[in-house]
Amino acid sequence: MSREIEFIKEAIALSRKGMLNNDGGPFGCVIVKDGIVVGRGWNQVTSTNDPTAHAEVVAIRDACRQLGTFQLEDCEVYTSCEPCPMCMGAIYWARPKKVYFASTKQDAADAGFDDSFIYEELALPIHSRKIAIECLGRDEAVEVFKEWINKKDKTAY
């Protein structure tokens, strides 16, 4: 059995374990660096009352904590399901070299986890979205960005 299959099977096992423990939905993820698992996560949305506690986000946080870094450039992500828009955003910010997934977003939708409405909402102009969004205090906030640009001791990312 290839190493990739072993890691995807571990992600699937975490999805089942979390589901059976009633931690959240049936999603699991492992993050691997140099052939070693450095981060593990499973969906914990309902058990932690945290809508961001998806398997990939939990695994990214675990891997970053274990590695002492905020980027996972030399890592691979193995997830039991094709990542949702939030998790894909987190994955892109973490900058791993590759993502493997088992089930598809359509498989998730068929099980009641349909995120197509998020993709549809993000494509709409702000004023047409279902959740009201309004820009407020921009001038003051832009000043902080200007300070960031000139900050000499920042850690760029």
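Reference entry: report on the structure contained in this document. What you are looking at is a predicted structure, and each value in this text was computed from that prediction instead of being measured.

## Overview of the side chain of Gln71
Within the secondary structure, Gln71 is located in the loop between helix 3 (55-67) and strand 3 (75-81). Under the relative-accessibility criterion, Gln71 is labelled buried at 16%. Residues within four places of Gln71 in sequence aside, it is in contact with Cys64, Trp93, Ala94, Arg95 and Tyr157.

## Description of the side chain of Asp115
Note that Asp115 resides in the loop between helix 5 (105-110) and helix 6 (116-123). Buried charge without a partner: Asp115 forms no salt bridge, and the closest opposite charge is Lys105, 6.0 Å away. When near neighbours in sequence (up to four residues on either side) are disregarded, Asp115 contacts Cys84, Pro85 and Lys105.

## A look at the pattern of salt bridges
Per the counting criterion, the structure on display carries 6 salt bridges. When the shortest N-O distance is used, the salt bridge between Arg3 and Glu6 registers 3.7 Å. On the criterion of helical spacing, the pair formed by Arg3 and Glu6 is a turn pair, its members being 3 residues apart in helix 1 (residues 3-20). The partly exposed category is assigned to Glu6, whose relative accessible area is 35%. Residue Asp62 is joined to Arg65 by a salt bridge in which the shortest nitrogen-to-oxygen separation is 3.7 Å. You can see Asp62 and its partner Arg65 sitting in helix 3, 3 residues apart, about one turn around the helix.

The rules behind the values
- Residues numbered from 1 in each chain as written.
- Predicted model: local features only at pLDDT ≥ 70, side-chain atom pairs only at ≥ 80, totals over all residues.
- Heavy atoms only, no water.
- Helix = DSSP H or I, 4+ residues; strand = E, 2+ residues; numbered from the N terminus.
- Buried < 20%, exposed > 50% of the residue type's maximum accessible area, 1.4 Å probe, protein only.
- Contact = heavy atoms within 4.5 Å.
- Lys, Arg positive; Asp, Glu negative; His and termini not counted.
- Salt bridge = Lys/Arg side-chain N within 4 Å of Asp/Glu carboxyl O.

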